Amino acid sequence: MTRDELMREAIRLSEENVRNGGGPFGAVIARDGEIIAGGTNRVTSDCDPTAHAEVNAIRKAAARLGTFDLSGCEIYSSCEPCPMCLGAIYWAHLDKLYYGNDKKDAAGIGFDDAFIYKELDLKPEARSLKSERILADEAYTAFREWAAKPDKVEY
């Protein structure tokens, strides 16, 4: 499939999802023009705030390929990903992102992530989500063990 055909599939998924009670977002992951997996926004239907189209597509693609590293694959999203999904795309090592609507389009229909981007630029103590670091020495034990582990699988 061409990149336009792959994007049209992501858009088709987003439209179908709206008709079936989900959010207006769809995504497909492809390798060499072949769709590996698709996903839609299922936040409200699954009662899962992380069930965004891109995350669902990444989960399905990783399961299908049997790997957490999706290098060699591209993602086609009906909309520019939110900060969570963009982070997941980086963690999945996808080679390229294509998107249709942008974050301003999403904000125009009530999906505005600008506040998250602003929050990320703040020091933790200045964010609206109050946070406090506790038991840092105890928590670091797992990090020491990981660093010393000779057979770890890095990602």
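What you see as residue numbers is a count from 1 along each chain, following the sequence as written. Whole-chain, interface and lining totals are the exception, using all residues; otherwise, since this is a predicted model, local features are given only for residues with pLDDT of at least 70 and side-chain atom pairs are given and counted only at 80 or more. Side-chain numbers come from the whole structure's heavy atoms, not from hydrogens or water.

Brief notes about the nonpolar core
Inference 1: By size, the foremost hydrophobic cluster in this structure holds 17 residues, and its most contacted members are Ile 29, Ile 58, Ala 61, Leu 70, Ile 75 and Leu 94.
Inference 2: Here a strand is any run of E in DSSP of at least two residues, a helix any run of H or I of at least four, and the numbering for each starts at the N terminus. Counting only elements with at least two residues in this core, the list comes to strand E1 (26-31), strand E2 (34-40), helix H3 (53-65) and strand E3 (74-79).
Inference 3: Of the residues forming this core, the biggest block, four residues, is contributed by H3.
Inference 4: Beyond its immediate stretch of four places on either side in the chain, Leu 94 contacts Ile 29, Ile 58, Leu 70, Cys 73, Glu 74, Ile 75 and Ile 89.
Inference 5: One finds Leu 6, Met 7, Val 28 and Ala 30 within the second-largest nonpolar core, a separate group that totals eight residues. Joining through side-chain atoms within 4.5 Å is the link that ties buried Ala, Val, Leu, Ile, Met, Phe, Trp, Tyr and Cys residues into a set, and such a set is a nonpolar core. Partly exposed residues are those whose accessible area sits between 20% and 50% of the maximum for their type, while under 20% is buried and over 50% is exposed, using a 1.4 Å probe and protein chains only. We call two residues in contact when some of their heavy atoms are within 4.5 Å.

Some words on the sheet that holds E2
Inference 1: Strand order in the open sheet formed by four strands is E2-E1-E3-E4, and the pairing between neighbours is mixed. Two strands in the sheet have a free side with no partner beyond their single neighbour: E2 and strand E4 (96-101). Put simply, the sheet's adjacent strands are angled 15° from each other on average, direction ignored.
Inference 2: Here E1 runs beside E2; their pairing, made up of six bridges, is antiparallel. From the neighbouring strand, Ala 30 faces E2, where its bridge partner is Ile 35.
Inference 3: Axis definition: a line fitted to C-alpha atoms, limited for helices to the stretch in contact. Angles are taken between N-to-C directions and run from 0 to 180 degrees. Across the sheet, helix H1 (residues 3-19) lies against E1, E2, E3 and E4, angled at about 150° from E1, the strand it touches most.
Inference 4: Contacting E1, E2 and E3, H3 runs over the sheet at an angle of about 140° to E2. By the convention used here, strands pair only if DSSP detects at least 2 bridges between them.

Some remarks on the pairing of E3
Each regular strand shows side chains that alternate between the opposite faces of the sheet.
Inference 1: In terms of burial, E3 is a largely internal element, five of the six residues being buried.
Inference 2: Two elements, E1 and E3, share four bridges in a ladder whose sense is antiparallel. Within E3, the residue paired with Ala 27 across the bridge is Ser 77.
Inference 3: The crossover handedness rule: strands pointing away from the viewer, path from first strand over the helix to second strand clockwise, crossover right-handed. Viewed along the sheet, the connection from E3 through helix H4 (residues 83-91) into E4 turns out right-handed.

Section: the pairing of E1
Inference 1: In terms of burial, E1 is a largely internal element, five of the six residues being buried.
Inference 2: Between E1 and E2, which pair antiparallel one after the other, the connecting turn spans two residues, and Asp 32 there sits at a positive phi close to 55°.

Description of the pattern of salt bridges
Inference 1: What makes a salt bridge here is a side-chain nitrogen of Lys or Arg within 4 Å of a carboxyl oxygen of Asp or Glu, nothing more. Applying the stated rule across the entire model yields six salt bridges.
Inference 2: Among the ionic pairs, Glu 34 bridges to Arg 64, the shortest N-O distance being 3.6 Å. Taken as a pair, Glu 34 in strand E2 and Arg 64 in helix H3 lie far apart in primary sequence, 30 residues in all.
Inference 3: Linking Lys 149 and Asp 151 is a salt bridge whose minimum nitrogen-to-oxygen distance equals 3.2 Å.
Inference 4: Overlapping salt bridges bring together Glu 9, Arg 12 and Glu 16 as one network.

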